[in-house]
Amino acid sequence: MEQQPDPPPPSARTRPPGTGQPRLLRHRPFALLCGEQIASSVGRQVTTLALALLAVTRLGAGPFGTSALMALSYLPGALLSPFAGVLVDRARLRGLTVLLTVLQVLVVGSVPVADALGRLGLPQLYLVATASGALTSMLAVALQAALPRVVRPEQLLSANSALTGARTTGQIGGPALGGVLVGLTGASTALLAACVAYGIEALLLLGLPATLNSPVQQARREKESRTAVLRAGLEVVRGERLLRRQVLAGAGFNLGSGAADALFVLYATRDLGLPAWQLGTVYAAFSVATVLGVLLAGRFAATIGLAAATRICAVVAALAIFLIPGASLGPGFPALLAYQFVFGLAATVWAISMTTTQQLITPPELQGRVAGVLQAALIGTVPIGALGGGALAAWLGNVPVLTGAATVALLAAACLWLP
């Protein structure tokens, strides 16, 4: 079988990834980005938990209502990311990231204000989930485009690993903080803590270099039609075999894993009878595996190559999903524990390798547009998988749908191995 080569690095990228890591850790703009990832991750985790609890406990939302809340948080990213990429490539990047974060404070902060006035309802929660998802997806595109302008090309692999580690820290602490705050003050008041986290995020972004406010190749902006500008990112993806394969594999994988994620808690508690402490331990295994993946990603990808690391980890992550329906055949707790650990490890290395490949291949003036196209393709299948999986499970049962979801994810990951 023909091997897919790694993206050919320019002459400035001849040093192996990670050789600049000691200086990277002392690089002030990159340290600000790491802090931003922690703050934003905590804010998002608290927001997601508090909105879901408000919908269920206060406003009486049913299973479809809560699924719709999750779907609405993803849909804006699928629809708006390509347009966000155009904006990112043309805007003052530091100012744009700060503005998006300040708007996040206002959007999320509207919920406790409406609750205090006695006017909170499900329509507002749906609007907040949609607007917050749109701002989150736009900020993600902007930060992906900013990273190659903050660190050197040979540092991208180490930088993406470190940012994933920072984000994981927030993902571990965010739900715990959210749970404590909801228990002590209520779900609505807990959203004020999320607003504080977003405010800290805005201050950290404000400290980024002013050079990020200079768009790349600004002189070309007036010579391109709007259609050509929007199409430029798609042309890069279509013209690069590695990026095409990553889009196909990632979109199909998220379709299957989205269905599995939507059913996971219901399946683990109702079908397998896992008590709360076992379910918590299962999620803790995922967090530990993510941290391990962050530590191993750079060395693994530098040893076997980014393309090989992407192919191997994609298949391993897909195979791990089969452990979910397999848990019905024996002791459920060990099987789900193994799933979360293997999936968390492989998926983390895959994501880091894929993002680094994308940034190395993409021309500097197109970083935002390419990131927007990829994000739209990858995020768009998540709500489809979640809603479709829930609807099919009501008809066929959880185990057949989980098996089908794992099969879809595996077939998608296999696209990376096509000759």
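The rules behind each value
Residue positions are given per chain, counting from 1 as you read along its sequence in written order. Selection of residues for local features in this predicted model requires a pLDDT of at least 70, selection of side-chain atom pairs for listing and counting requires 80 or more, and totals for whole chains, interfaces and linings are taken over all residues. Where side-chain values are given, they derive from all heavy atoms of the structure, hydrogens and water being excluded. Strands here are runs of E lasting at least two residues and helices are runs of H or I lasting at least four, both read from the DSSP assignment and numbered beginning at the N terminus. For every residue, the accessible area (1.4 Å probe, protein chains only) is compared with the maximum for its type, and the residue is labelled buried under 20%, exposed over 50%, or partly exposed between those bounds. Contacts were defined at the residue level, with two residues in contact if any of their heavy atoms lie within 4.5 Å. The protein chains shown are the only cover counted for residues, whose accessible areas, like all others here, come from Shrake-Rupley with a 1.4 Å probe. In this description, a line fitted to the C-alpha atoms serves as the axis of each element, helices being fitted only across the stretch in contact, and the angle between N-to-C directions of two axes falls anywhere from 0 to 180 degrees. The labels follow the angle: roughly parallel below 35 degrees, roughly antiparallel above 145, roughly perpendicular from 65 to 115, and oblique for the rest. Each crossing gets its hand from how the near helix is turned against the far one by less than a right angle, where anticlockwise is left-handed and clockwise is right-handed. Three residue categories are used. Nonpolar comprises Ala, Val, Leu, Ile, Met, Phe, Trp, Tyr, Cys and Pro, charged comprises Asp, Glu, Lys and Arg, and polar comprises the others, including Gly. By definition, no residue in a patch forms a salt bridge, and every one has over 30% relative accessible area; like charges are joined within 9 Å, nonpolar side chains (Val, Leu, Ile, Met, Phe, Trp, Tyr) within 5 Å. We count a salt bridge whenever a side-chain nitrogen from Lys or Arg sits within 4 Å of a carboxyl oxygen from Asp or Glu. Residues belong to one nonpolar core when they are buried, are Ala, Val, Leu, Ile, Met, Phe, Trp, Tyr or Cys, and are joined through side-chain atoms within 4.5 Å. By definition, pLDDT measures how confident the predictor is in each residue, and it falls between 0 and 100. Here the expected span of a helix is defined as 1.5 Å times the quantity of residues minus one. This arc describes the spread of directions from the helix axis toward the C-beta atoms. Pairing of aromatic rings covers Phe, Tyr and the six-membered ring of Trp, with a centre-to-centre limit of 6.5 Å; geometry is then stacked below 30 degrees between planes, edge-to-face above 60, and tilted otherwise. Charge over a ring is defined by NZ of Lys or CZ of Arg lying within 6 Å of the ring centre and within 35 degrees of the ring normal.

1. A word on the overall build of the chain
Argument step 1. Of regular secondary structure, the chain possesses 15 helices and zero strands.
Argument step 2. Expressed as a percentage of its 419 residues, the buried residues of the chain come to 51%.
Argument step 3. Counting contacts in the chain only where the partners sit at least 6 residues apart, residues at least 24 apart contribute 88% of the total.
Argument step 4. In the form shown here, the chain has an accessible surface area of approximately 18200 Å², with 68% of it arising from carbon and sulfur atoms.

2. As for the packing of helix α5 (residues 122–150) against helix α14 (residues 367–396)
Argument step 1. With their axes 8 Å apart at the nearest point, α5 and α14 run at an angle of 135° to one another. Here α5 lies oblique to α14, going by the angle between them. Both α5 and α14 take part in a crossing whose hand is right-handed. Packed against α5, whose contacting residues are Ser-137, Ala-140, Val-141, Gln-144, Ala-145 and Pro-148, the element α14 presents Gln-367, Gly-368, Ala-371, Gly-372 and Gln-375 at the interface.
Argument step 2. Among the residues making up the contact of α5 with α14, the classes are represented as five nonpolar, six polar and no charged.

3. Overview of the environment of Pro-334
Argument step 1. Of note, Pro-334 is situated in helix α13 (residues 332–361).
Argument step 2. We classify Pro-334 as partly exposed; its relative accessible area is 46%.
Argument step 3. For the pair Pro-334 and Val-282, spaced 52 residues apart in sequence, the C-alpha separation works out to 8.8 Å.

4. Points about a nonpolar patch on the surface
Argument step 1. On the surface, Val-288, Val-291, Leu-292, Leu-295, Leu-296, Phe-300, Ile-304, Ile-312, Val-316, Phe-341, Val-342 and Trp-417 cluster together into a nonpolar patch covering about 910 Å² of accessible area.
Argument step 2. Elements with a minimum of two residues in the nonpolar patch: α10 (276–304), α11 (306–321) and α13.
Argument step 3. Secondary-structure assignment places Val-316 in helix α11.
Argument step 4. Classification of Val-316 as partly exposed rests on a relative accessible area of 34%.

5. Section: the environment of Val-294
Argument step 1. Structurally, Val-294 is set in helix α10.
Argument step 2. According to the relative accessible area criterion, Val-294 is buried, its value standing at 13%.
Argument step 3. In this structure, the C-alpha to C-alpha distance between Val-294 and Ser-161, residues 133 residues apart in sequence, is 5.2 Å.
Argument step 4. Once residues within four sequence positions are removed from consideration, Val-294 is found in contact with Ser-161, Thr-164, Gly-165, Thr-348 and Ile-352.

6. Focus on the nonpolar core
Argument step 1. Ranked by size, the top nonpolar core spans 92 residues in total, and within it Ile-321 and Ile-324 carry the most contacts.
Argument step 2. Take this core: its biggest share by element is 13 residues, from α5.
Argument step 3. With near-sequence residues (within four places) excluded, Ile-321 lies in contact with Phe-253, Ser-257, Ala-260, Tyr-339, Phe-343, Ala-406 and Ala-409.
Argument step 4. Counting twelve residues, the second largest nonpolar core, distinct from the first, contains Ala-307, Leu-366, Val-370 and Leu-374.

7. A few points about the pattern of salt bridges
Argument step 1. In this structure the tally under the stated criterion is two salt bridges.
Argument step 2. Of the charged contacts in the structure, one is a salt bridge between Glu-154 and Arg-152, with a shortest N-O distance of 2.6 Å.
Argument step 3. Glu-154 gets classed as buried once you look at its relative accessible area, which sits at 6%.
Argument step 4. What makes Arg-152 partly exposed here is its relative accessible area of 28%.
Argument step 5. Between Glu-235 and Arg-238 there is a salt bridge, with the nearest N and O atoms lying 3.4 Å from each other. Of this pair, Glu-235 and Arg-238 are both found in helix α8 (residues 226–239), three residues apart, which corresponds to roughly one turn of the helix.
Argument step 6. The exposure class assigned to Glu-235 is partly exposed, which follows from its relative accessible area of 35%.

8. Description of the confidence of the model for the chain
Argument step 1. Taken over all residues, the pLDDT of the chain has a mean of 80, while the share at 70 or more is 85%.
Argument step 2. The secondary structure element of the chain with the lowest average pLDDT is helix α1 (residues 21–25), at 57, and the one with the highest is helix α12 (residues 323–326), at 94.
Argument step 3. Across residues 1–22 the pLDDT falls below 50, and counting only partners more than four positions away or on other chains, this stretch makes 41 contacts in the model.
Argument step 4. Of the regions scoring below 50 in pLDDT, residues 218–222 engages in three contacts with residues more than four places distant in sequence or in other chains.

9. Considering helix α15 (residues 398–414)
Argument step 1. Helix length check: α15, at 17 residues, gives a terminal C-alpha distance of 24 Å against a target of 24 Å (1.5 Å per residue), a fit within 8%.
Argument step 2. Turning to α15, its buried residues are Asn-398, Val-401, Leu-402, Ala-405, Ala-406, Ala-409, Ala-412 and Ala-413. In a view along the axis of α15, the buried residues occupy a sector of 140°, so they form one face of it.
Argument step 3. On its buried face, α15 sits against α9 (241–271), α11, α12 and α14.

10. Here's the deal with the packing of aromatic side chains
Think of a pair of aromatic rings as described by two things: how far the centres are apart, and how the planes are tilted against each other in angle.
Argument step 1. Scanning all chains against the criterion turns up four aromatic pairs.
Argument step 2. Ring geometry for Phe-253 against Trp-350: centres 4.9 Å apart, planes inclined by 85°, an arrangement best described as edge-to-face. Here Trp-350 lies in helix α13 and Phe-253 lies in helix α9, a separation of 97 residues in the sequence. Across the pair, Trp-350 and Phe-253 agree in class, each one buried.
Argument step 3. Following the ring pairs from residue to residue traces out a cluster consisting of Phe-253, Phe-286, Tyr-339, Phe-343 and Trp-350.
Argument step 4. Here the guanidinium or amino end of Arg-311 rests over the ring plane of Trp-417, the centre of that ring lying 5.3 Å away.

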